[in-house]
Amino acid sequence: MELFVFDRAGAYSSGKFSIHDEPDKFARAIVGYLTMTHEDMGIDTFIKRLSEDVISLCDTAGKETKFTLEQLLSTSRRTTCFSTENYAKAVKFSWTSEGGAQEADLLILAEERGVKGVPRLVAYNRKTSIAELRQDLEFPRPKLNKRKLPALLSDSDSGDDCHRYKWRRCSDWEMPGEYDGPPPGLTESSEKPFINKIYNCLVVAPYGRPISNFESAMELLESMRDAIRAHESLYVKAGILHRDVSPSNILITKPDLADGYKGILIDLDHTHRCDAKMTEKHIGTLPFMAVGLLLEKDHTYRLSP
């Protein structure tokens, strides 16, 4: 028998054991599963479920503020967003990799540098991390097992190519939403047994409608124009390259709430600080990534949207 636990960094197991030779271990495992708390089961315990779902965060002035989660706006593998204060603001829960700049820090930097056309940070809290959730566990060093590589990735049987991962050609219907590098634990060069991820919650304003919900051709063009201006402002004034421009990351908003902008650029989870070392990971939404990036060709900043 082998028992598994799944979290945001992947799955880990107890190792195989015989329920006949070790009945006590089997009994402890069953009792452990039956007595799991909400936190053990992965249920978000940071949201207070009263008559309404409420979360408390520290605003940018350090004051604790309560926000009511009104309606689910979007959800994905890493991010869940709710509206709050009658759609004036958005509450974003996200799991981000450790090491890179966090979105809250980038939004603060953007505001300090006078960037226009991106949301303003209202409140932020770091909730927990995979390392904290796994702090009492011991993991052996991961090893490469080419026979168990995902079907989406191709591998070579010889030479240095066995450590390089390339996308296979697939149709639009089969294409996954995002690619964030090789899965954790598949390369022999991995020094850590898992990729640590941080669970963040932040509130941003203003919020708006997805650009796909435009009401006129003029509104669409003006929103696209202002999103381009926001991309330029983010790069020129703050030295931040967005790298994930797509229709889902452009919102139509009211000009009086967004410094005169009718379109804003959101989601700084995949950005790159131009004064930091460039990562080798492919980051972005696949349908909007340059072909040169997917083919692992040498490229310039022009291929990073």
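Owing to the predicted nature of the structure, the values given are computational and were not obtained by experimental measurement.

1. Overview of helix α4 (residues 217-238)
With 22 residues, α4 ought to run about 32 Å at 1.5 Å a step, and its terminal C-alpha atoms sit 31 Å apart, in line with that. Within the span of α4, buried status applies to E219, E222, S223, D226, A227, A230, S233, L234 and A238. Buried residues of α4, seen end-on, are gathered within an arc of 140° and therefore sit on one face of the element. Exposed and oriented more than 90 degrees from the buried face of α4 are A217, M218, L221, I228, E232 and V236. Packing partners of the buried residues in α4 comprise α2 (103-112), β13 (209-210), β14 (240-241), β15 (250-252), β16 (263-265) and β17 (272-273).

2. Some thoughts on the side chain of K89
Along the chain, K89 turns up in strand β8 (residues 89-97). If we ignore the near neighbours within four places in the chain, the residues touching K89 are F82, S83, T84, V122, V203, V204, A205 and Y207.

3. With respect to the environment of T253
For T253, the position within the fold is in the loop between β15 and β16. The buried category is assigned to T253, whose relative accessible area is 9%. Along the primary structure T253 and G208 are separated by 45 residues, whereas in three dimensions their C-alpha atoms are 4.5 Å apart. Residues in contact with T253, not counting those within four places in the same chain, are P206, Y207, A258, Y261, K262 and I264. Within the local environment of T253, its side chain forms a polar contact with the backbone oxygen of Y207, the two atoms lying 3.5 Å apart.

4. Quick notes on the nonpolar core
Core analysis: the largest hydrophobic core is formed by 27 residues, its most contacted members being V115, L234 and I240. Of all the secondary structure elements, the ones that give two or more residues to this core are α2, β12 (197-205), α4, β15 and β16. Looking at this core element by element, the count peaks at 5 residues for α2. Contact partners of L234, with chain neighbours within four places excluded, come to A110, V115, V118, G239, I240, H242 and L268. I47, F82, I130 and F194 belong to the second largest nonpolar core, which has 18 residues in total.

5. Notes on the confidence of the model for the protein chain
The share of residues in the protein chain with pLDDT of 70 or more is 72%, and the mean pLDDT across the chain is 78. Throughout residues 144-190 the model reports pLDDT below 50, and contacts reaching past four residues in sequence, or to other chains, amount to 71 contacts.

6. Looking at the sheet that holds β16
Whether parallel or antiparallel, the strands of a sheet pair through hydrogen bonds between backbone atoms. An order of β13-β15-β16 is seen for the 3 strands of this open sheet, with the pairing classed as antiparallel. The strands lining the two open edges of the sheet, one partner per strand, are β13 and β16. Bridging between β15 and β16 involves 3 bridges; their strand directions are antiparallel. Within the sheet, the bridge partner assigned to I252 lies in β16 and is G263.

7. Comments concerning the pattern of salt bridges
Tallying each qualifying case throughout the model produces 11 salt bridges. Where R225 meets D226, a salt bridge forms, and the shortest distance between an N and an O atom there is 3.0 Å. Note on R225: relative accessible area 41%, which makes it partly exposed. For D226, a relative accessible area of 0% gives the class buried. The closest approach of N and O atoms between R229 and D226, which form a salt bridge, is 2.8 Å. Of this pair, R229 and D226 both sit in helix α4, separated by 3 residues, roughly a single helical turn. Residue class for R229 comes out partly exposed when judged on its relative accessible area of 36%. One salt-bridge network, held together by shared partners, links K92, E103, D267 and D269.

Criteria and thresholds
- Residues numbered from 1 in each chain as written.
- Predicted model: local features only at pLDDT ≥ 70, side-chain atom pairs only at ≥ 80, totals over all residues.
- Heavy atoms only, no water.
- Helix = DSSP H or I, 4+ residues; strand = E, 2+ residues; numbered from the N terminus.
- Expected span 1.5 Å × (residues − 1).
- Buried < 20%, exposed > 50% of the residue type's maximum accessible area, 1.4 Å probe, protein only.
- Arc of directions from axis to C-beta.
- Contact = heavy atoms within 4.5 Å.
- Polar contact = N/O pair within 3.5 Å; in protein donor to acceptor, adjacent residues only side chain to side chain.
- Core = buried A, V, L, I, M, F, W, Y, C linked by side-chain atoms within 4.5 Å.
- pLDDT = per-residue confidence, 0-100.
- Pairing = 2+ DSSP bridges.
- Salt bridge = Lys/Arg side-chain N within 4 Å of Asp/Glu carboxyl O.

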